[in-house]
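Structural features, examined
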Amino acid sequence: SSVDSVNRRNAGSVEKKMIYLQLFLAFLRVGFFSFGGGMAALPLIEKEVVDTFQWLSNSEFLELVTLSELTPGPIGINCATFTGFKVGGVWGSTFATLAFCLPSILLVTLVFHFLSYFKKNAIVQHFLRGLRPAVIALMIMAAYSLAQKGIKDWLAIIWGIAVFILLTRKRTDPIFLLLLSGVMGLIWYR
């Protein structure tokens, strides 16, 4: 019985370590391939946390993105932190966040070190120029995926169009629009 207890504890410890490793590797992959910022990373994060590891359902992922957008900080880092916390607690959030940030830290350090060379190198400039359409496509994919899963009725469609117009034409404060949208949701969907 005491041997069984020790074996269960060891199995639980190994299982936790595997979760931490999976979180680290999943968000390391996302961090390495999410050129274009947090919004461009969303399809990659969704693939890892919803499709590959099934840590979150589609609706939980949508809630994660909403929460990550509402909290201070970059959306990609917030998604990593929140997913890590849900899956592995404080240590899970630490590993996921570190893994997501590590590629950026390494690349920025490398670029800073060789900045003058990169600035004048035509190959690097052409490579970066070639990345732009792919980054835009990733951002459009993120918007499409979120709209497909998050817009469930006509009010949401109309309000989404109105917010888009207010953001692009009237330059309305996005924080104000997020808060107003939340209040509208409380009123309309209760």
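Okay, so let's go over this structure. (Residues numbered from 1 in each chain as written. Predicted model: local features only at pLDDT ≥ 70, side-chain atom pairs only at ≥ 80, totals over all residues. Heavy atoms only, no water.)

Let's talk about the environment of Phe 100
Tracing the sequence through the fold places Phe 100 in helix 4 (residues 75-113). The residues contacting Phe 100, other than those within four sequence positions of it, are Phe 27, Val 30, Gly 31, Ser 34, Ala 41, Ile 45, Gly 76, Ile 77 and Ala 80. (Helix = DSSP H or I, 4+ residues; strand = E, 2+ residues; numbered from the N terminus. Contact = heavy atoms within 4.5 Å.)

Regarding helix 2 (residues 38-52)
With 15 residues, helix 2 should reach 21 Å at 1.5 Å per residue; the first-to-last C-alpha distance of 19 Å fits that figure. Its axis deflected by about 30° at Leu 44, helix 2 carries its strongest bend there. Inspection of helix 2 places Ala 40, Ala 41, Leu 42, Pro 43, Ile 45, Glu 46, Glu 48, Val 49 and Val 50 among the buried residues, and these make up the whole buried set. Positioned one or two residues after helix 2, Gln 54 has a phi angle of 55°, which is positive. (Expected span 1.5 Å × (residues − 1). Bend = angle between axes of the 7 residues up to and from the residue. Buried < 20%, exposed > 50% of the residue type's maximum accessible area, 1.4 Å probe, protein only.)

Some words on the nonpolar core
Ranked by internal contacts, the top residues of the largest apolar core, which has 23 residues, are Phe 27, Leu 42, Ile 45, Val 49 and Phe 61. Secondary-structure elements contributing two or more residues to this core are helix 1 (2-33), helix 2, helix 3 (58-70), helix 4 and helix 6 (122-150). In terms of residue count, helix 4 provides more of this core than any other element does, 6 residues in total. (Core = buried A, V, L, I, M, F, W, Y, C linked by side-chain atoms within 4.5 Å.)

Considerations on the packing of helix 3 against helix 6
The relative placement of two packed helices is expressed as an angle between their axes plus a distance between the axes. In contact at an axis separation of 10 Å, helix 3 and helix 6 are set at 115° when each is read in the N-to-C sense. Of the two elements, helix 3 crosses helix 6, and the hand of that crossing is left-handed. Contact residues: helix 3 offers Asn 58, Leu 62 and Val 65, while helix 6 offers Leu 146, Lys 149 and Gly 150. Class assignment of the residues belonging to the contact of helix 3 with helix 6 gives a composition of 3 nonpolar, 2 polar and 1 charged. (Axes fitted to C-alpha atoms, helices over the stretch in contact; angles between N-to-C directions. Left-handed = near helix turned anticlockwise from the far one by under 90°. Nonpolar A, V, L, I, M, F, W, Y, C, P; charged D, E, K, R; others polar.)

Some words on the layout of surface pockets
Empty space left among the atoms is revealed by rolling a probe the size of a water molecule over them. Its volume calculated, the largest pocket comes out at about 1,900 Å³. Forming the walls of the largest pocket are 44 residues, and the residues nearest its centre are Thr 66, Ile 151, Gly 160, Leu 178 and Ser 181. Counting only elements with at least two residues in the lining of the largest pocket, the list comes to helix 2, helix 3, helix 6, helix 7 (154-168) and helix 8 (174-189). Of the residues belonging to the lining of the largest pocket, the class tally is 28 nonpolar, 11 polar and 5 charged. Around the second largest pocket sit Phe 35, Leu 107, Leu 110, Val 111, Leu 115, Phe 118, Lys 119, Val 124, Gln 125, Phe 127 and Leu 128, which together line it. For the lining of the second largest pocket, the element with the most residues is helix 6, which contributes 4 residues. Taken together, the residues that form the lining of the second largest pocket break down as 9 nonpolar, 1 polar and 1 charged. (1 Å grid on protein atoms, 1.4 Å probe; cavity = no way out; pocket = protein on both sides within 12 Å on 5 of 7 lines; lining within 4 Å. Points joined across faces, edges and corners; volume = space filled by probe spheres on them.)

Observations regarding the state of the cysteines
Under the defined criterion, the tally for this structure stands at 0 disulfides. Considering cysteine sulfurs only, Cys 101 is the nearest to Cys 79, which forms no disulfide, with 12 Å between them. (Disulfide = S-S within 2.5 Å.)

Digging into the packing of aromatic side chains
Applying the stated criterion across every chain, the model contains 3 aromatic pairs. With 6.1 Å between their ring centres and 35° between their planes, Trp 91 and Phe 95 make a pair best called tilted. Separated by 4 residues within a single helix, Trp 91 and Phe 95 lie in helix 4, roughly one turn from each other. Relative accessible area serves as the criterion here: at 54%, Trp 91 is assigned to the exposed category. You can call Phe 95 partly exposed: its relative accessible area is 28%. Taken together through their ring pairs, the aromatic side chains of Tyr 20, Trp 91 and Phe 95 make up a single cluster. (Phe/Tyr/Trp six-rings, centres within 6.5 Å; stacked < 30°, edge-to-face > 60°.)

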